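Spelled out, the chains give:
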Amino acid sequence: MEKKEKNEKLQMARHSLAHILAKTLVELYPNTKLTIGPAIDDGFYYDIDTDVVITPDKYAEIEKRMKEILNKGEAFERKVVSKAEALKLFDNNQYKQEIINELPADAEISLYYTGDFFDLCSGPHVDSSKNIQNYAFKIHAVNGAYWRGDEKNKMLQRVYVYAFADKKQLNDYVTMLEEARKRDHNKLGRELELFTTVDYIGQGLPILLPKGAKVIQIMQRFVEDEEARRGWQLTKTPFMAKSDLYKISGHWDHYKDGMFVLGDEAKDKEVLALRPMTCPFQYQCYLNKARSYKDLPLRYNETSTLFRNEASGEMHGLIRVRQFTISEGHLMCTPEQLEEEFKGCLELAIFMLKTLGLYEDASYRFSQWDPNNREKYIGTDEQWDEAQSTMEKILKHLEIPYEVGVGEAAFYGPKLDIQIKNVFGKEDTLITIQIDQMLAEKFGMEYTDKDGVKKNPYIIHRTSIGCYERTLAYLIEKYAGAFPLWLAPVQVKVLTLTDRSNEYAKSIVAELKKNDVRVELDDRNEKVGYKIREALSMKIPYLIIVGDEEESTQTISIRGRGYENATGLSLSDFVERLKNEIETKIIK
């Protein structure tokens with residue numbers, strides 16, 4: 001059986017189990033009103049309105065009753081009724097009635113019966129509960145969920161259930177999740193004092209603590225230096241602009257809901273908005289003077305702080321936030337230069353991924369427009385066809401393996417998205433490279449070509465490392481907080497055995513700092529075993545331990561990567577090793 005067919009079979013089984021859960025909940029808690037219960041990636045859920053709070057102590061009873069119902073071997077039978085009949089059948093359930101009322105007057109409504117239980121559903125389902133008796137399932141959470149995701153509606157209870165074809169698959173999945181939780185950046189990043197959040201500051205607005213800020217500063221400096229070596233020119237542009245700018249670019253018409261707008265057009269003479277991206281600002285650098293084909297390609301980069309009004313339910317730790325900083329760049333070139341410049345942007349992105357150790361985790365998506373959702377985009381069909389065929393040709397020439405994402409393009413052009421999954425398997429975009437042949441014309445960006453004719457340049461929008469906060473999240477999860485030495489916020493910690501060694505320890509710290517090593521001193525009057533355990537829990541790469549013997553021989557003892565409990569070592573030799581490991585950015 002092919003993978004796609006297996007997945008469809010599993011999803012149908014999960015959907016059928018959702019009906020068994022619904023039947024169980026109605027039997028156990030008769031005042032329960034059902035809403036929706038879809039299959040999801042690891043099982044299913046059902047949203048219910050009930051006067052009983054479903055707490056963990058009730059899970060076993062619900063699961064037991066589900067198994068009893070499954071063992072009856074009842075058939076799943078489909079019945080089609082009129083809209084009027086459906087409304088009558090669900091006359092005590094306003095949620096089902098709302099769904100039914102949205103359908104056309106002559107619609108045929110599909111119901112599925114399991115014994116004497118029925119539910120509104122288009123299917124498909126298994127033929128009989130016999131087919132899914134051996135499936136393994138486990139209730140793992142009950143969370144609040146607004147009806148239809150609207151906070152103005154009533155809060156329901158969402159019962160989440162894992163479901164797999166057998167017990168082994170379920171147990172393997174639960175074990176995987178337990179390991180993932182240990183690496184979850186949202187948990188580990190706080191424990192390692194990298195970032196925090198504060199309720200009265202707001203969702204999606206993380207506070208980077210000194211250690212997290214240091215990691216991002218290291219990455220930013222590395223990225224800006226590497227981009228400069230590759231011919232990118234650094235700009236610094238405003239965090240906000242008048243609505244006039246966004247109206248020219250098209251963001252006002254196509255992205256306004258995702259922006260933070262300052263003011264009201266109906267009342268205020270001047271309305272500003274925080275920038276959701278940097279492109280229309282950097283175009284002003286191009287427009288600062290007349291351009292010739294000899295000026296191209298022209299590459300502008302910027303470490304840009306951006307603001308996007310993400311929905312509250314979408315935000316997660318550092319991966320999806322409302323304010324973030326990105327390694328953004330815009331490149332203006334002639335049509336003849338486009339492929340080579342696109343290749344250069346991709347090579348830069350791959351270089352960054354390899355240096356960070358994320359390259360093997362990446363996949364590629366060719367994000368295209370959806371011609372059936374025309375109002376979402378600017379430009380003509382011909383422009384989109386040309387831009388997408390150009391990009392397709394480039395990707396084939398570069399032999400980039402990719403999946404197609406219809407409807408994932410930016411409103412002004414197709415893009416190559418480099419995707420990464422978090423520890424729980426959810427995929428997000430880390431790096432983007434876009435081709436744009438539309439915004440240059442909107443902004444009047446031109447160059448005089450060899451033939452003396454004024455033309456609009458092609459524009460490549462790109463990031464080289466993506467959003468720094470998101471990248472930090474993936475690095476925390478990739479390395480379980482034990483960063484490569486060059487990225488570690490604290491690279492070495494010096495621990496004293498007794499107070500007698502304090503001065504010697506301070507001299508070691510001074511020597512390490514002189515060699516640009518990030519070092520901390522722990523000279524507290526605590527047992528060394530306690531100090532070692534604490535330092536290891538903070539994922540510090542190397543520990544130097546000094547006492548009377550080390551001071552008398554002017555040596556150090558080391559514990560850390562590549563060292564077990566090495567003693568009698570030369571500090572100067574260790575410093576050289578550190579410098580080499582930092583400079584070469586070794587991952588180990």
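Our subject is the structure that appears above.
Residues numbered from 1 in each chain as written. Predicted model: local features only at pLDDT ≥ 70, side-chain atom pairs only at ≥ 80, totals over all residues. Heavy atoms only, no water.

J.: I'd like a rundown of the environment of Arg 320, residues and numbers included.
T.: The residue Arg 320 is located in the loop between β15 (298-307) and β16 (323-333) in this model. We classify Arg 320 as buried; its relative accessible area is 18%. Linking Arg 320 and Gly 204, residues 116 residues apart in sequence, is a C-alpha distance of 6.9 Å. Not counting chain neighbours up to four residues away, the residues in contact with Arg 320 comprise Glu 310, Glu 314, Met 315, Asp 428 and Arg 470. (Helix = DSSP H or I, 4+ residues; strand = E, 2+ residues; numbered from the N terminus. Buried < 20%, exposed > 50% of the residue type's maximum accessible area, 1.4 Å probe, protein only. Contact = heavy atoms within 4.5 Å.)

J.: Help me get a handle on the layout of surface pockets, residues and values and all.
T.: In this model, the largest pocket occupies a volume close to 1,500 Å³. Every residue lining the largest pocket is counted, 33 residues in all, and those nearest its centre are Asn 143, Arg 158, Tyr 160, Gly 313 and Lys 426. Mapped by element, the contributors of at least two residues to the lining of the largest pocket are β7 (136-146), β8 (155-164) and α5 (167-183). Looking at the lining of the largest pocket, the element that brings in the most residues is β7, giving 6 residues. Of the residues belonging to the lining of the largest pocket, the class tally is 13 nonpolar, 9 polar and 11 charged. In this model, the second largest pocket occupies a volume close to 1,200 Å³. In terms of lining residues, the second largest pocket is bounded by 43 residues, among which Tyr 255, Arg 308, Lys 415, Thr 429 and Thr 432 are the most central. Elements with a contribution of two residues or more to the lining of the second largest pocket: β16, β19 (415-421), β20 (427-436) and β23 (458-467). In terms of residue class, the lining of the second largest pocket is built from 16 nonpolar, 13 polar and 14 charged. (1 Å grid on protein atoms, 1.4 Å probe; cavity = no way out; pocket = protein on both sides within 12 Å on 5 of 7 lines; lining within 4 Å. Points joined across faces, edges and corners; volume = space filled by probe spheres on them. Nonpolar A, V, L, I, M, F, W, Y, C, P; charged D, E, K, R; others polar.)

J.: An account of the packing of helix α7 (residues 210-229) against helix α14 (residues 468-479) is needed here, citing residue identities and associated values.
T.: Angle between the axes and distance between the axes: these two values describe a pair of packed helices. Between α7 and α14, the shortest axis-to-axis distance is 10 Å and the interhelical angle comes to 115°. Viewed along their axes, α7 and α14 adopt a mutual orientation that is roughly perpendicular. The handedness of the crossing between α7 and α14 comes out as right-handed. Residues Gly 212, Val 215, Ile 216, Met 219, Gln 220 and Val 223 of α7 form the contact with α14, whose own contacting residues are Tyr 468, Glu 469, Thr 471, Leu 472 and Leu 475. For the contact of α7 with α14, the residue count by class is 7 nonpolar, 3 polar and 1 charged. (Axes fitted to C-alpha atoms, helices over the stretch in contact; angles between N-to-C directions. Parallel < 35°, antiparallel > 145°, perpendicular 65-115°, else oblique. Left-handed = near helix turned anticlockwise from the far one by under 90°.)

J.: Describe the sheet that holds strand β26 (residues 542-546), with residues and values.
T.: Strands sit in the order β25-β24-β26-β27-β28 across an open sheet of 5 strands; the sheet is mixed. Looking at which strands have only one partner, the edges of the open sheet turn out to be β25 (519-522) and β28 (563-569). Each adjacent strand pair in this sheet contributes to an overall mean axis angle of 20°, direction not counted. Here strand β27 (residues 556-560) pairs with β28 via 3 bridges, running antiparallel. (Pairing = 2+ DSSP bridges.)

J.: I'd love a proper account of the sheet that holds strand β6 (residues 117-120), names of residues and values included.
T.: In spatial order, the strands read β4-β5-β6; together these 3 strands make up an open sheet with antiparallel pairing. Of all strands in the sheet, those with a lone pairing partner are β4 (76-82) and β6, marking the two edges. Strand-to-strand, the axes of this sheet are offset by a mean angle of 30°, without reference to chain direction. Pairing of β4 with strand β5 (residues 108-114) involves 7 bridges; the strand directions are antiparallel. Bridge pairing in β5 links Val 80 to Ser 110.

J.: I'd like a rundown of the pairing of β23, residues and numbers included.
T.: Where a strand is regular, its side chains alternate between the two sheet faces. In terms of burial, β23 is largely enclosed, as 10 of its 10 residues are buried. When β16 meets β23, the two strands line up antiparallel, connected through 7 bridges. Each residue of the ladder has a partner; that of Glu 328, found in β23, is Thr 463. As paired strands, β20 and β23 are joined by 4 bridges and run antiparallel to one another.

J.: Hey, could you go over the pattern of salt bridges for me, with residue numbers and the actual values?
T.: Under the defined criterion, the tally for this structure stands at 35 salt bridges. One salt bridge in this structure joins Glu 503 and Lys 506, with 3.7 Å as the shortest N-O distance. Pair noted here: Glu 503 and Lys 506 are both in helix α15 (residues 502-514), with a separation of 3 residues, about one helical turn. The partner of Lys 579 in a salt bridge is Glu 576, and the shortest N-O contact between them spans 3.7 Å. (Salt bridge = Lys/Arg side-chain N within 4 Å of Asp/Glu carboxyl O.)

J.: Talk me through a nonpolar patch on the surface; I want residue IDs and the actual numbers.
T.: Together, Tyr 200, Ile 201 and Ile 207 give the surface a local cluster of nonpolar side chains, amounting to about 350 Å² of exposed area. Mapped onto the elements of the fold, Tyr 200 is located in the loop between β9 (195-196) and β10 (207-208). A relative accessible area of 77% places Tyr 200 in the exposed class. (Patch = residues over 30% accessible without salt bridge, like charges linked within 9 Å, V, L, I, M, F, W, Y side chains within 5 Å. Areas by Shrake-Rupley, 256 points an atom, 1.4 Å probe, with all protein chains shown as cover.)

J.: Before we move on, can you summarise α7 with the specific residues and values?
T.: When the terminal C-alpha atoms of α7 are compared, their 29 Å separation across 20 residues agrees well with the 28 Å that a helix rising 1.5 Å per residue should span. Of the positions making up α7, those classed as buried are Lys 211, Gly 212, Val 215, Ile 216, Ile 218, Met 219, Gln 220, Phe 222, Val 223, Glu 226 and Glu 227. Backbone geometry just downstream of α7 places Gly 231 in the positive-phi region, at approximately 90°. (Expected span 1.5 Å × (residues − 1).)

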